[in-house]
Amino acid sequence: MENKLKKVEEREITIAILNSSFKMWMDILDVDVVIVGGGPSGLTASKYLAEKGVKVIVLERHLSFGGGIWGGGMGFPYITVQEPAHEILKDFNVKLENVGKGLYVANSVEVAAKLGCGAIDAGARILTGIVVEDVILKENRVCGVVINSYSIEKAGLHIDPLTIDAKYVVDATGHEASVSNILAMKNKELKLEIPGERSLWAEKGENSLLRNTREIFPGLYVCGMAANATHGGYRMGAVFGGMFLSGKKVANLILEDLKE
Ligand code: 48F
């Protein structure tokens, strides 16, 4: 291989980036599923949807996906996952250590990286630096999201947003349940009560997650910690089995809906 890099003009770099971005944006203005939040539950859901041929995008406001995984427990870089949810991590090729009684440990940095890779390889597209600030609400149904650049929001600039149409929106925004809260707050006549999460009780929190993973309003599903936050469920700390199962469940529910 020749050691000398090809000559490139600045203008060519700009054109290449703008062309690819424009092509991508034009293709995602209308999708089957928008997942808001690139944490463990959202990334898991996106993989299982994408591998079935569903057109799915994940919108994450930060520049990196992974949400609350990276730092493990209080910065110690490991997370725990219980049977049978460890099978989901195997689908993402994550290495697991069995520490007994059905509990497994995984390196949090590896989990975050491999969830992202698994989702992308399955065909999901992850857009980072994009914040969902509202939903499109028509005839009593959520049918898309209202988006802005997170840096614009952070700078407090008064710049109008853009939109993406979707058959289904998934609130995977974690403890904040930000999409559900926005819907409830802005549309009082819907009488959506979002109680927020309760204090920590790992077992109860984990067990209620699957029950709370559901369509809470036509077109709007909740999964992950947002599912517990929308139902007053307990938080659970650095145990993630429920997050992965919840992501898989929401994917299966939407796959069923899309068949109809
Ligand atoms: O918080 P997060 O990791 O959600 P999760 O999938 O997992 C929860 C666990 O990480 C942990 C836990 C385990 O016991 O409780 O906390 O439920 O990821 C949510 C992601 O959503 C992004 C946020 O930056 C984070 O990466 N997010 C939140 N609101 C918005 C958003 C928004 N309005 N637009 C775009 N992204």
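Residues numbered from 1 in each chain as written. Predicted model: local features only at pLDDT ≥ 70, side-chain atom pairs only at ≥ 80, totals over all residues. Heavy atoms only, no water.

**So, the pairing of strand 7 (residues 130-138)**
(1) Moving on: Two strands pair when backbone bridges link them, and strand 7 and strand 8 (residues 141-149) are joined in this way by eight bridges, in the antiparallel orientation. Looking at strand 8, one finds that aspartate 134 is bridged to valine 146.
(2) Moving on: Between strand 7 and strand 8, which pair antiparallel one after the other, the connecting turn spans two residues, and glutamate 139 there sits at a positive phi close to 45°. (Pairing = 2+ DSSP bridges. Helix = DSSP H or I, 4+ residues; strand = E, 2+ residues; numbered from the N terminus.)

**What to know about the sheet that holds strand 4 (residues 97-100)**
(1) Moving on: Within the open sheet, the three strands sit side by side as 3-5-4. Their pairing is antiparallel. The open sheet has two free edges, formed respectively by strand 3 (78-82) and strand 4, since each of these has just one partner strand. Taken over all neighbouring pairs, the strand axes of this sheet differ in orientation by 35° on average, direction set aside.
(2) Moving on: As judged from the three bridges shared by strand 4 and strand 5 (residues 103-107), these two strands associate in the antiparallel manner. Paired with glutamate 97 across the bridge in strand 5 is valine 105. (Axes fitted to C-alpha atoms, helices over the stretch in contact; angles between N-to-C directions.)

**Focus on the confidence of the model for the protein**
Reading predicted coordinates in detail is not appropriate for stretches of low pLDDT.
(1) Moving on: On average, residues of the protein carry a pLDDT of 97, and 100% of them reach 70 or more.
(2) Moving on: At the low end of the mean pLDDT range in the protein sits helix 7 (residues 202-212), at 96; at the high end sits strand 1 (residues 30-36), at 99.
(3) Moving on: Among the prediction metrics, the complex's ipTM stands at 0.99, with pTM recorded as 0.98. (pLDDT = per-residue confidence, 0-100.)

**A look at the site of the ligand**
(1) Moving on: Taken together, 27 residues surround the ligand, and among them Ser41, Glu60, His175, Met225 and Gly237 come closest.
(2) Moving on: Within the contact set of the ligand, an oxygen atom lies 3.4 Å away from a backbone nitrogen or oxygen of valine 239.
(3) Moving on: The set of elements that each furnish at least two residues to the shell around the ligand consists of helix 2 (40-50), strand 2 (56-60) and strand 7.
(4) Moving on: In terms of residue count, the dominant contributor to the shell around the ligand is strand 7 (three residues).
(5) Moving on: By residue class, the composition of the shell around the ligand is twelve nonpolar, 13 polar and two charged. (Near = heavy atom within 4 Å. Polar contact = N/O pair within 3.5 Å; in protein donor to acceptor, adjacent residues only side chain to side chain. Nonpolar A, V, L, I, M, F, W, Y, C, P; charged D, E, K, R; others polar.)

**Considerations on the packing of aromatic side chains**
(1) Moving on: Applying the stated criterion across every chain, the model contains five aromatic pairs.
(2) Moving on: Taken together, a centroid distance of 6.4 Å and an interplanar angle of 80° make the contact between tyrosine 48 and phenylalanine 92 edge-to-face. Taken together, the residues tyrosine 48 in helix 2 and phenylalanine 92 in the loop between helix 3 (86-91) and strand 4 connect sequence positions 44 residues apart. For the pair tyrosine 48 and phenylalanine 92, a shared accessibility class is recorded, and that class is buried. (Phe/Tyr/Trp six-rings, centres within 6.5 Å; stacked < 30°, edge-to-face > 60°. Buried < 20%, exposed > 50% of the residue type's maximum accessible area, 1.4 Å probe, protein only.)

**Looking at helix 2**
(1) Moving on: Summarising burial for helix 2: eleven of the eleven residues are buried, a large majority.
(2) Moving on: Pro40, Ser41, Gly42, Leu43, Thr44, Ala45, Ser46, Lys47, Tyr48, Leu49 and Ala50 are the residues of helix 2 that are buried.

**Some points on a nonpolar patch on the surface**
(1) Moving on: Together, Val8, Ile13 and Ile17 give the surface a local cluster of nonpolar side chains, amounting to about 270 Å² of exposed area.
(2) Moving on: Tracing the backbone shows isoleucine 17 in helix 1 (residues 10-27). (Patch = residues over 30% accessible without salt bridge, like charges linked within 9 Å, V, L, I, M, F, W, Y side chains within 5 Å. Areas by Shrake-Rupley, 256 points an atom, 1.4 Å probe, with all protein chains shown as cover. Salt bridge = Lys/Arg side-chain N within 4 Å of Asp/Glu carboxyl O.)

**Some remarks on the state of the cysteines**
(1) Moving on: Counted by the stated rule, this structure contains zero disulfides.
(2) Moving on: In this structure cysteine 117 is not part of a disulfide, and its nearest cysteine sulfur, from cysteine 223, lies 20 Å away.
(3) Moving on: The class for cysteine 117 is partly exposed, based on a relative accessible area of 44%. (Disulfide = S-S within 2.5 Å.)

**Quick look at the environment of leucine 115**
(1) Moving on: With respect to the helices and strands, the residue leucine 115 is situated in helix 4 (residues 108-122).
(2) Moving on: If sequence neighbours within four positions are ignored, leucine 115 has contacts with Pro40, Leu43, Thr44, Ile69, Leu89, Phe92 and Phe244. (Contact = heavy atoms within 4.5 Å.)

**Things to note about the packing of helix 2 against helix 9 (residues 241-259)**
(1) Moving on: Following both chains from N to C, one finds helix 2 and helix 9 inclined at 40°, their axes separated by 7 Å at the closest point. Between helix 2 and helix 9, the angle falls in the class oblique. Seen from above, helix 2 lies across helix 9 with right-handed handedness. Contacts from Pro40, Ser41, Thr44, Ala45, Tyr48 and Leu49 in helix 2 reach Met243, Phe244, Gly247, Lys248, Val250, Ala251, Ile254 and Leu255 in helix 9.
(2) Moving on: Of the residues that constitute the contact of helix 2 with helix 9, the class distribution is ten nonpolar, three polar and one charged. (Parallel < 35°, antiparallel > 145°, perpendicular 65-115°, else oblique. Left-handed = near helix turned anticlockwise from the far one by under 90°.)

**Some words on the side chain of lysine 47**
(1) Moving on: Here lysine 47 lies in helix 2.
(2) Moving on: Look past the residues within four positions of lysine 47 in its chain and what remains in contact with it is Asp91, Phe92, Gly118, Ala119 and Ala122.

**Details of the pattern of salt bridges**
(1) Moving on: This model, assessed by the stated rule, comprises twelve salt bridges.
(2) Moving on: Glutamate 87 serves as the salt-bridge partner of lysine 90, at 3.7 Å between the closest nitrogen and oxygen. Here glutamate 87 and lysine 90 lie together in helix 3, a separation of three residues that amounts to about one turn.
(3) Moving on: The exposure class assigned to lysine 90 is partly exposed, which follows from its relative accessible area of 44%.
(4) Moving on: Through salt bridges with shared partners, a single ionic network connects Asp27, Lys55 and Arg125.

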